[in-house]
Amino acid sequence: MKSLTDSYTLNNGYKIPCIGFGTYQIPDDDIGISSVHTAIINGYRHIDAAAVYGNERSIGKAIRNCGVDRKQLFITSKVWNTERGFDKTLAAFKQTLEDLQLDYLDLYLVHWPAAKGILSEWQRINLETWRAMEHLYKEGFIRTIGVSNFLPHHLIPLMDQANIQPMVNQIEYHPGQMQIETVELCKKHHMIVEAWSPLGTGKMLSNPQLKDIAEKYGKSVAQLCIRWCLQNDILPLPKSVTSSRIKENTEIFDFIISGEDMSVINSMPYIGGSGLHPDNLDF
Ligand code: A2P
């Protein structure tokens, strides 16, 4: 990967730009609009949204007024947990399109699996939600479909029943939380893995070991984490509302982390993260 517009190819041939701009906790106001605008000006062509973030109207405004042709942008959204099931997913999707003021999405994801620990009919619910995703895909409203936060025990039953296989799995991924089994399963089935919270929502940034490595390359820890994702063939989705950081997070194509340093980062123990597990959520 040499620039933000270089892409991975999804299993139906559709291209996905190799870094996306994360929008979790970006406010639904002028700050939100200007963050997305700044991201696009700095070269991002991939915006990762979700209905539950509550900011799709602002993202829509930024997209509409950014001066870049819609076809050159890659826009993702996600169906929220309360909207699972066939009919509700279709309705949620319609609302998202309306809020974003778009007539199609590049990628739509199931935000979290209906999970074993919480719902007795979790497999049936996941399949019904997936049938809605397949329907929207076949109708031409979505270019690619996928899941988020699915672990192997959620993915396998879904893949067994799916008519169209998930093309993406978006999971929490940063140093110390590499979810190796999930990543291996996804790669085996040609699913692109996207990293939410690639900076551990900021928790990676003060780690002394990461600081030492970043310093060697004259880079920040944020840049190191983003580059590290790419070198592991993972698609990072860094978030920031700060112009200088939005720009900084794009400047990751002028250095290569050595094999030795990759191994050091890949073997780091858990150093913090969201602590969320899909089978143990209270939302
Ligand atoms: P802010 O949005 O205030 O700029 P993640 O992408 O892992 O969710 O991390 C997002 C968090 O990391 C936000 O708090 C964001 O702050 C902060 N952040 C993003 N990029 C940088 C950077 N280059 N340097 C320092 N902090 C950053």
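What counts, and where the lines are drawn
Residues numbered from 1 in each chain as written. Predicted model: local features only at pLDDT ≥ 70, side-chain atom pairs only at ≥ 80, totals over all residues. Heavy atoms only, no water. Helix = DSSP H or I, 4+ residues; strand = E, 2+ residues; numbered from the N terminus. Rg over C-alpha atoms; globule rule 2.2 N^0.38 Å. Buried < 20%, exposed > 50% of the residue type's maximum accessible area, 1.4 Å probe, protein only. Contact = heavy atoms within 4.5 Å. Areas by Shrake-Rupley, 256 points an atom, 1.4 Å probe, with all protein chains shown as cover. Lys, Arg positive; Asp, Glu negative; His and termini not counted. Charge placed at Lys NZ, Arg CZ, Asp CG, Glu CD. Pairing = 2+ DSSP bridges. Disulfide = S-S within 2.5 Å.

Novice: Please set out the overall build of the protein chain residue by residue, giving values where relevant.
Specialist: Counting its regular elements, the protein chain contains ten helices and ten strands. Here the C-alpha radius of gyration of the protein chain, 18 Å, is about what a compact globule of 283 residues would show, namely 19 Å. Once the C-alpha set of the protein chain is aligned to its principal axes, its extents read approximately 50 × 40 × 35 Å. For the protein chain, the proportion of its 283 residues judged to be buried stands at 56%. Counting only contacts in the protein chain whose residues sit at least 6 apart along the sequence, the fraction spanning at least 24 positions is 75%. Accessible area of the protein chain: about 12,200 Å², with a carbon and sulfur share of 50%. Within the protein chain, the 32 negative side-chain charges are centred at a point lying 3 Å from the centre of the 27 positive side-chain charges.

Novice: I'd like a rundown of the sheet that holds strand β7 (residues 142-148), residues and numbers included.
Specialist: Ordered by their spatial adjacency, eight strands build an open sheet running β3-β4-β5-β6-β7-β8-β9-β10, and the pairing between neighbours is parallel. Each edge of the sheet is formed by a strand with only one pairing partner; in this case those strands are β3 (21-22) and β10 (235-236). Here β7 runs beside strand β8 (residues 168-172); their pairing, made up of two bridges, is parallel. Paired with Ser148 across the bridge in β8 is Gln170.

Novice: Tell me what's going on with the state of the cysteines, and back it up with residues and numbers.
Specialist: Applying the stated criterion across every chain yields a total of zero disulfides. No disulfide involves Cys18; its sulfur sits 11 Å from the nearest other cysteine sulfur, which is in Cys229. Given the relative accessible area of 0%, Cys18 is considered buried. Cys18 supplies the cysteine sulfur nearest to Cys66, a cysteine that is in no disulfide, at a spacing of 18 Å. The exposure class assigned to Cys66 is buried, which follows from its relative accessible area of 14%.

Novice: Please give an account of unusual backbone geometry that cites residues and values.
Specialist: Notably, His190 is not glycine yet its phi reads approximately 60 degrees, a positive angle. Turning to its location among the elements, His190 is positioned in the loop between α6 (180-188) and β9 (192-196). On the accessibility criterion, His190 (58% relative accessible area) is exposed. Within the chain, Thr201 stands out as a residue other than glycine whose phi angle is a positive 50 degrees. With respect to the helices, strands and loops of the structure, Thr201 is situated in the loop between β9 and α7 (208-216).

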